[in-house]
Number of protein chains: 2
Amino acid sequence: MLANRIETALDAALRRGQGGDGPPRLAEALSYACKPGGARIRPTILTSVALACGDDRPCVTDAAAAAIELIHCASLVHDDLPCFDDADLRRGKATLHRAYSEPLAVLAGDSLIVMGFDTLAHAAPEDPMRGIALIRILAQRTGMPDGICAGQGWESEGKIDLRAYHRAKTGALFIAATQMGAAAAGQDPEPWEELGARIGEAFQVADDLRDALLDEAHLGKPCGQDDRLGRPSAVAELGVRGAVKRLDDILSGTIASIPSCPGEAKLAELVTRYAHKLAPREALLRFPGE
Amino acid sequence: MLANRIETALDAALRRGQGGDGPPRLAEALSYACKPGGARIRPTILTSVALACGDDRPCVTDAAAAAIELIHCASLVHDDLPCFDDADLRRGKATLHRAYSEPLAVLAGDSLIVMGFDTLAHAAPEDPMRGIALIRILAQRTGMPDGICAGQGWESEGKIDLRAYHRAKTGALFIAATQMGAAAAGQDPEPWEELGARIGEAFQVADDLRDALLDEAHLGKPCGQDDRLGRPSAVAELGVRGAVKRLDDILSGTIASIPSCPGEAKLAELVTRYAHKLAPREALLRFPGE
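What you are looking at is a predicted structure, and each value in this text was computed from that prediction instead of being measured.

Caption draft 1: Representation of the relation of the copies chain B and chain A within the structure. The transformation that overlays chain B on chain A combines an axial shift of 0.0 Å with a rotation of 180°, and the residual RMSD is 0.0 Å. The superposition operator between the copies reduces to a two-fold rotation axis. Minimal C-alpha separation from the rotation axis in chain B is found for Pro128(B), amounting to 3.0 Å. Looking at the interface residues of chain B, 100% of them are also at the interface in chain A, so both copies use one shared face.

Structure representation (structure tokens):
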């Protein structure tokens, strides 16, 4: 099972950061940040792309899957901090800085970022050039000027470049997922950028819809955050109807953007399945046929 | 000149993170965090060790020097945050969260960590196995359980393991400096750990003395912080006299711990020169001959 494979890889990475003589509470906080997980959607896409490309170095794929999820979890911990979203809930439980403390939340995020890169470097001797390519992709899509840090940084600008903002804030790690999946299997990552960008866009619009339509119990975190924080959102821009239409448009182009590879058909199936999961049922029930 | 070489390498790394379409204020904050620098002591040690070992891949050495300084600057930005030291001044100017904002300080730190690893990965194709070794050393000495994140994490524990605390909080990046210098020049990093650990210990004791004895104008940051924050310090533990004696003891063993290498004599000279700079003159004037 894909889910088990990803969880096992993540656990192995976490164990390396928690061994030895580290401070026990910070060690515990690392697990708290990552377990239990959300949908693990980024490592699932990554591993699915690797499998579609042959997955001839499973250890490298597993390291890449763990690494991207570690970076994602780090970003959630830092995004929840009082100076950003000041969130109390995440994945249905207290956010890390509420459960532990703000210092431990900053440090857990920092440590998980480092662990992401270390996990790739640890697996790299298996195939050094692939390992280095993976580290570069992950760094590009995490840091400045194109990664999720840049995306979050746009929220501190007076004038937002909306396209750059969305592409970096949500899109970046989806682009990393498709590109790293290809690179882990020894394929050129470049043709995989568009698929990742489209999935990222769809995910962003679906997330905006969920934030606007679902209640806290269904979200596992506070709802109406975008509105409350005055953040740009597809719903604010296009209305619910318009956002549902936009999601449909993006998804219909996504399948077409899958690069040719041995597992193309299976990957198309997976993307379609995800697409149905992505669109919040509540939106589709309210606006059927849109 | 060593100082120019390090600055050039750091500027090249920063430029890569500031190019493209990133958010302008965060891009600016990255420079603010790194320039003008402090003594650049960690990259200076790193480059000196690489030179002593032959420095046959100068590009790799330069990337390593830039990477370790980026991580160090990231740690200063995060350590200064309100939830840690809540510092107003750093290197004689406003701390990053005071000059920009707390969100930008968190993001600048995160981005600089990523940039550290990306800088090494960018230079790695020149010599993949060295590049991977460098990434692993830097990750080990930055994250959990042995790196500077772990060191800072000890301050959130009820019961502190003092040895682990000091070794991780200050020692870790000095160990990274000597080991990465050796690895950048293709040498086994293992024998270089002790030299780094000793320099780190000496630096910590000297820093404790400076914190206790100098005023804000000389420090470029608030003085008496260890005492105010109830942090363990060599001065609190041993008194000023005892701490000066301890510094002397450490330094006398440092030269002896330099592994045999072509540039051994020159490296010993450099360490002695640093040792004299390290010990605060005020302490030596008050307690001559100790």
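Caption draft 2: The arrangement of the nonpolar core in detail. With 180 residues, the main nonpolar core has Leu112(A), Met180(A), Leu112(B) and Met180(B) as its most contacted residues. Per-element tally for this core: the top contributor is helix α6 (residues 102-123) of chain B, with 13 residues. In this structure, Met180(A) is in contact with Leu46(A), Ala64(A), Ile68(A), Leu120(A), Leu134(A), Ile137(A) and Leu138(A), ignoring residues within four places of it in sequence.

Caption draft 3: Looking closely at unusual backbone geometry. Residue Met144(A) is joined to Pro145(A) through a cis peptide bond whose omega torsion reads 5°. Tracing the sequence through the fold places Pro145(A) in the loop between α7 (128-142) and α8 (148-153). With an omega dihedral of -15°, the bond running from Lys35(B) to Pro36(B) counts as a cis peptide bond. Considering the arrangement of structural elements, one finds Pro36(B) in the loop between α2 (24-34) and α3 (41-52). The phi dihedral of Arg91(A) is positive, around 50°, even though this residue is not glycine. By the secondary structure assignment, Arg91(A) is in the loop between β1 (89-90) and β2 (93-94). One non-glycine residue, Asp55(B), adopts positive backbone phi at about 45°. Mapped onto the fold, Asp55(B) is located in the loop between α3 and α4 (58-79). On the basis of relative accessible area, Asp55(B) is assigned to the buried category, the value being 11%.

Caption draft 4: Here's a closer look at the interface of chain B and chain A. The interface of chain B with chain A comprises 49 residues on the first partner and 49 residues on the second. Roughly 4,300 Å² is buried in total at the junction of chain B and chain A, and carbon and sulfur atoms are behind 74% of that figure. Together, Val114(B), Arg136(B) and Met144(B) form the three largest contributors to the area buried by chain B at its contact with chain A, with a combined 15%. Inspection of the chain B/chain A interface yields two salt bridges. With its nearest N and O atoms 3.2 Å apart, the salt bridge here joins Asp118(A) to Arg136(B). The interface formed by chain B and chain A contains eight residue pairs in polar contact (both at pLDDT 80 or more). Within the residue set of the side of chain B that touches chain A, elements represented by two or more residues are α1 (2-18), α2, α6, α7 (128-142) and α8 (148-153) of chain B. With 13 residues, α6(B) is the largest single contributor of residues to the side of chain B that touches chain A.

Caption draft 5: Main features of the pattern of salt bridges. As enumerated under the stated definition, the model contains 42 salt bridges over all chains in all. Between Arg98(B) and Asp88(B) there is a salt bridge; the shortest N-O distance is 2.3 Å. Remark: Asp88(B) occurs in the loop between α4 and β1 (89-90) and Arg98(B) occurs in helix α5 (residues 96-99); sequence separation between them is ten residues. In this structure Arg98(B) comes out as partly exposed when scored by relative accessible area, which is 43%. Judged by its relative accessible area of 42%, Asp88(B) is partly exposed. Notably, a salt bridge pairs Lys169(B) with Glu155(B), separated by 2.8 Å at the nearest N-O pair. Of this pair, Lys169(B) sits in helix α9 (residues 162-184) while Glu155(B) sits in the loop between α8 and α9, and the two are 14 residues apart along the sequence. For Glu155(B), a relative accessible area of 27% translates into the label partly exposed. A single network of salt bridges, built from pairs that share partners, joins Glu7(A), Asp11(A), Lys35(A), Arg40(A), Glu69(A) and Arg91(A).

Caption draft 6: How the structure looks around helix α14 (residues 264-278) of chain A. When the terminal C-alpha atoms of α14(A) are compared, their 21 Å separation across 15 residues agrees well with the 21 Å that a helix rising 1.5 Å per residue should span. Among the structural elements, α3 (41-52), α10 (193-213) and α13 (234-254) of chain A are those in contact with the buried residues of α14(A).

Caption draft 7: Geometry of the packing of helix α1 (residues 2-18) of chain A against helix α4 (residues 58-79) of chain A. Residue and element names in this part refer to chain A. Orientation of α1 relative to α4, taken along the N-to-C sense of each, is 75°, at an axis distance of 8 Å. The angle between α1 and α4 places the two elements in the roughly perpendicular class. Contact residues: α1 offers Arg 5, Ala 9, Leu 10, Ala 13 and Leu 14, while α4 offers Pro 58, Thr 61, Asp 62, Ala 66, Glu 69 and Leu 70. In terms of residue class, the contact of α1 with α4 is built from seven nonpolar, one polar and three charged.

Caption draft 8: View of the environment of Ala184(A). All names here are of chain A. Turning to its location among the elements, Ala 184 is positioned in helix α9 (residues 162-184). As a C-alpha pair, Ala 184 and Pro 58 span 126 residues in sequence and 8.2 Å in three-dimensional space. If we ignore the near neighbours within four places in the chain, the residues touching Ala 184 are Asp 56, Arg 57, Val 60, Thr 61, Arg 130 and Leu 134.

Caption draft 9: Just the packing of aromatic side chains, in detail. Following the criterion strictly, the structure yields five aromatic pairs over all chains and no others. With a centroid separation of 5.3 Å and 70° between ring planes, the pair formed by Tyr32(B) and Tyr100(B) is classed as edge-to-face. On the criterion of sequence distance, the pair formed by Tyr32(B) in helix α2 and Tyr100(B) in the loop between α5 and α6 is long-range, its members being 68 residues apart. With a centroid separation of 4.9 Å and an interplanar angle of 45°, the aromatic rings of Phe174(B) and Phe203(B) are classed as tilted. Of this pair, Phe174(B) sits in helix α9 while Phe203(B) sits in helix α10 (residues 193-213), and the two are 29 residues apart along the sequence. The class for Phe203(B) is buried, based on a relative accessible area of 15%. Taking the ring centre of Phe203(A) as reference, the NZ or CZ of Arg42(A) above it sits at 5.4 Å. The positively charged end of Lys93(A) is found above the aromatic ring belonging to Tyr32(A), 3.7 Å away from the centroid.

Caption draft 10: Layout of the packing of α3(B) against helix α14 (residues 264-278) of chain B. Residues and elements named next belong to chain B. Relative orientation of the contacting elements α3 and α14 amounts to 160°, with a least axis distance of 10 Å. In terms of orientation, α3 lies roughly antiparallel with respect to α14. Remark: the crossing between α3 and α14 carries left-handed chirality. Here Ile 41, Thr 44, Ser 48, Val 49 and Ala 52 of α3 come into contact with α14, specifically with Leu 267, Leu 270 and Tyr 274. When the residues that make up the contact of α3 with α14 are grouped by side-chain class, the tally is six nonpolar, two polar and no charged.

Scoring rules and cut-offs
- Residues numbered from 1 in each chain as written.
- Chains lettered and ligands numbered in written order.
- Predicted model: local features only at pLDDT ≥ 70, side-chain atom pairs only at ≥ 80, totals over all residues.
- Heavy atoms only, no water.
- Least-squares fit on C-alpha atoms with pLDDT ≥ 70 in both.
- Contact = heavy atoms within 4.5 Å.
- Core = buried A, V, L, I, M, F, W, Y, C linked by side-chain atoms within 4.5 Å.
- Buried < 20%, exposed > 50% of the residue type's maximum accessible area, 1.4 Å probe, protein only.
- Helix = DSSP H or I, 4+ residues; strand = E, 2+ residues; numbered from the N terminus.
- Buried area = accessible area lost by both parts, 1.4 Å probe.
- Salt bridge = Lys/Arg side-chain N within 4 Å of Asp/Glu carboxyl O.
- Polar contact = N/O pair within 3.5 Å; in protein donor to acceptor, adjacent residues only side chain to side chain.
- Expected span 1.5 Å × (residues − 1).
- Axes fitted to C-alpha atoms, helices over the stretch in contact; angles between N-to-C directions.
- Parallel < 35°, antiparallel > 145°, perpendicular 65-115°, else oblique.
- Nonpolar A, V, L, I, M, F, W, Y, C, P; charged D, E, K, R; others polar.
- Phe/Tyr/Trp six-rings, centres within 6.5 Å; stacked < 30°, edge-to-face > 60°.
- Lys NZ or Arg CZ within 6 Å of the ring centre and 35° of its normal.
- Left-handed = near helix turned anticlockwise from the far one by under 90°.

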